[in-house]
Amino acid sequence: MLIDAHIHLDKYKENDIPTLLEEAERVIAVSMNLLSSEKTLKLSKAYAKVKAAFGFHPEQPLPSEAEENALFDWIRQHAHDMVAIGEVGLPYYLRQEKAIDERPYVALLERFIGLAKELNKPIVLHAVYEDATIVCDLLEKHQLTKAHFHWFKGDATVIERMIHNGYFISVTPDCTYEAEIKQLIKKYPIELMMVETDGPWPFEGPFDNKRTSPWIMDHSIEVIASIKGLATHEAAQIITRNTTTFYNL
Ligand SMILES: [Zn+2]
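Presented here is a report on the structure given in the accompanying data block.

How each quantity is defined
Residues numbered from 1 in each chain as written. Predicted model: local features only at pLDDT ≥ 70, side-chain atom pairs only at ≥ 80, totals over all residues. Helix = DSSP H or I, 4+ residues; strand = E, 2+ residues; numbered from the N terminus. Contact = placed C-beta atoms within 7 Å. Pairing = 2+ DSSP bridges. Axes fitted to C-alpha atoms, helices over the stretch in contact; angles between N-to-C directions. Buried ≥ 20, exposed ≤ 12 C-beta atoms within 10 Å, placed from the backbone. Right-handed = clockwise from strand over helix to strand, strands pointing away.

Looking at the environment of F54
Now for step 1: Among the secondary structure elements, F54 is positioned in strand β3 (residues 50-54).
Now for step 2: Taking C-alpha positions, F54 is 21 Å from M193, a pair spaced 139 residues apart along the chain.
Now for step 3: Those residues in contact with F54, other than ones at most four positions away along the chain, are S31, S37, T40, I75, H78, M82 and I85.

Pasting the structure below:
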């Protein structure tokens, strides 16, 4: 069994969670906002396999100043109950839909990076393509080294920079059918790699119309193993060790 390094557990129906958790060694459950962080905290108290991360997902309208401050206060109060700050980052996909000013999103992310530094926790990042460069600038500026770019996609220059800085990425089941992700697996060292579902996000190809849950990561491991020229169990062992060490589980 594998560790799901990124799942939105609070978005599943409560009845589905016990059976879903049977498929994973552990899960890193990330949060969307304050309400979602409260739900994730409850799940982590109810199930030993659930490790919580608290944050604000960037692909949505910004919080008001009062909401933002309430979230930061709440995270500080519950810092001992979380393994990381997350999910945070920049709104790449929202920007493809409409013109938005990214500057306040960058400012909010910088505040989260400061919080991760203050609380000495890793950070879970949603930052793809050109946004990854901005995020690398911020991480370097604040000397935050424990960074996990989930479902990462980006160009060769930023990939090189991230490897040099020792940042981690995680691969979703789309590696089974996306050439771009196979290329990424080829370039990125397995020592800096994790696997995730980003569930309940639905996948295509062999996973069409199937519920996203941790079992599908078995397919990702097979892809990683074959690209890296390892046995499946060896790849699984390395990936699990990476996640355990990164999140201090
Ligand atoms: Zn996510």
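Quick look at the environment of L20
Now for step 1: Tracing the chain through its elements places L20 in helix α1 (residues 17-21).
Now for step 2: Here the alpha-carbon distance between L20 and P214, two residues 194 residues apart in the chain, equals 7.0 Å.
Now for step 3: Setting aside anything within four residues of it in sequence, one finds L20 in contact with Y12, S213 and P214.

What about the sheet that holds strand β6 (residues 147-150)?
Now for step 1: The 8 strands are arranged β1-β2-β3-β4-β5-β6-β7-β8 in an open sheet whose pairing can be described as parallel. Looking along the sheet, the strands with just one partner apiece sit at the ends: β1 (2-7) and β8 (193-195). Each strand of the sheet is rotated relative to its neighbour by a mean of 25°, with strand direction disregarded.
Now for step 2: Seen against the sheet, helix α5 (residues 103-119) touches β4 (82-89) and β5 (123-126) and runs at an angle of roughly 165° to β4.

Concerning the pairing of β3
Regular strands place side chains that alternate from one sheet face to the opposite one.
Now for step 1: With 5 of 5 residues buried, β3 lies mostly within the body of the structure.
Now for step 2: Neither face of β3 is exposed, since V50, A52 and F54 on one face and K51 and A53 on the opposite face are all buried.
Now for step 3: Where strand β2 (residues 24-29) meets β3, 3 bridges bridge the pair, whose relative direction is parallel. When the bridges of β3 are listed, I28 appears paired with K51.
Now for step 4: Regarding the hand of the β-α-β motif, the stretch spanning β3, helix α3 (residues 65-77) and β4 is right-handed.

Structural notes on the environment of G205
Now for step 1: Looking at the element boundaries, G205 is found in the loop between β8 and α9 (217-228).
Now for step 2: We classify G205 as exposed; it has 11 C-beta atoms within 10 Å.
Now for step 3: For G205, the residues in contact, after removing those within four places along its chain, are T176 and Y177.

A closer look at the pairing of β2
Now for step 1: Burial analysis of β2 places 5 of its 6 residues in the buried class, the great majority of the element.
Now for step 2: Alignment of β1 against β2, held across 4 bridges, turns out to be parallel. Looking at β2, one finds that L2 is bridged to A24.

Any link to function would need more than the numbers given here.
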